[in-house]
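# Notes for the structure review
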Amino acid sequence: MLNGAPTDIAAKTLADALAELGYDDGPFATALNREFVPAGERSATPLEDGDAVEVIAPMQGG
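Residues numbered from 1 in each chain as written. Predicted model: local features only at pLDDT ≥ 70, side-chain atom pairs only at ≥ 80, totals over all residues. Heavy atoms only, no water.

### Considering the sheet that holds strand β3 (residues 53-56)
Pairing between the strands of a sheet comes from backbone hydrogen bonds, and it takes one of two forms, parallel or antiparallel. Sheet architecture is open: 3 strands sit in the order β2-β1-β3, paired in antiparallel fashion. The open sheet is flanked by β2 (35-37) and β3, the only strands paired with a single partner. Here the average twist between neighbouring strands, direction ignored, is 30°. Pairing geometry for strand β1 (residues 29-32) and β3, over 4 bridges, is antiparallel. Paired with leucine 32 across the strands is valine 53, a residue of β3. (Pairing = 2+ DSSP bridges. Helix = DSSP H or I, 4+ residues; strand = E, 2+ residues; numbered from the N terminus. Axes fitted to C-alpha atoms, helices over the stretch in contact; angles between N-to-C directions.)

Shown next, in the form of structure tokens:
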């Protein structure tokens, strides 16, 4: 799942999944199964079937 939508990816880590999905440029925050994952830990965070990934980009304005 990516942001609530079923998504098929081949990546084995969160960092690789983000690159595969086109999230190469930041800034953005990530969560895996509702747990925040710092940017520095994404490459060491493995993915498994059924994981839920959330990508949250900051919004400007007011």
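### Thoughts on the side chain of threonine 45
Mapping threonine 45 onto the fold places it in the loop between β2 and β3. A polar side-chain atom of threonine 45 sits 2.6 Å from the main-chain carbonyl oxygen of glutamate 41. Sequence-distant contacts of threonine 45, defined by excluding residues within four places in its chain, comprise Lys12, Thr13, Leu14, Leu32 and Val37. (Polar contact = N/O pair within 3.5 Å; in protein donor to acceptor, adjacent residues only side chain to side chain. Contact = heavy atoms within 4.5 Å.)

### Details of the packing of aromatic side chains
Evaluated as defined, the whole model comprises 1 aromatic pair. When the ring of tyrosine 23 is compared with that of phenylalanine 28, the centres are 5.7 Å apart and the planes differ by 65°; the resulting orientation is edge-to-face. Since its relative accessible area comes to 15%, phenylalanine 28 is described here as buried. (Phe/Tyr/Trp six-rings, centres within 6.5 Å; stacked < 30°, edge-to-face > 60°. Buried < 20%, exposed > 50% of the residue type's maximum accessible area, 1.4 Å probe, protein only.)

### A short note on the side chain of aspartate 51
Turning to its location among the elements, aspartate 51 is positioned in the loop between β2 and β3. Looking at aspartate 51, its side chain comes within polar contact range of the main-chain nitrogen of glutamate 48, at 2.7 Å. Setting aside residues no more than four positions away along its own chain, aspartate 51 makes contact with Met1, Leu32, Asn33 and Pro46.

Interpretation note: all reported values are geometric properties and have no functional meaning in isolation.
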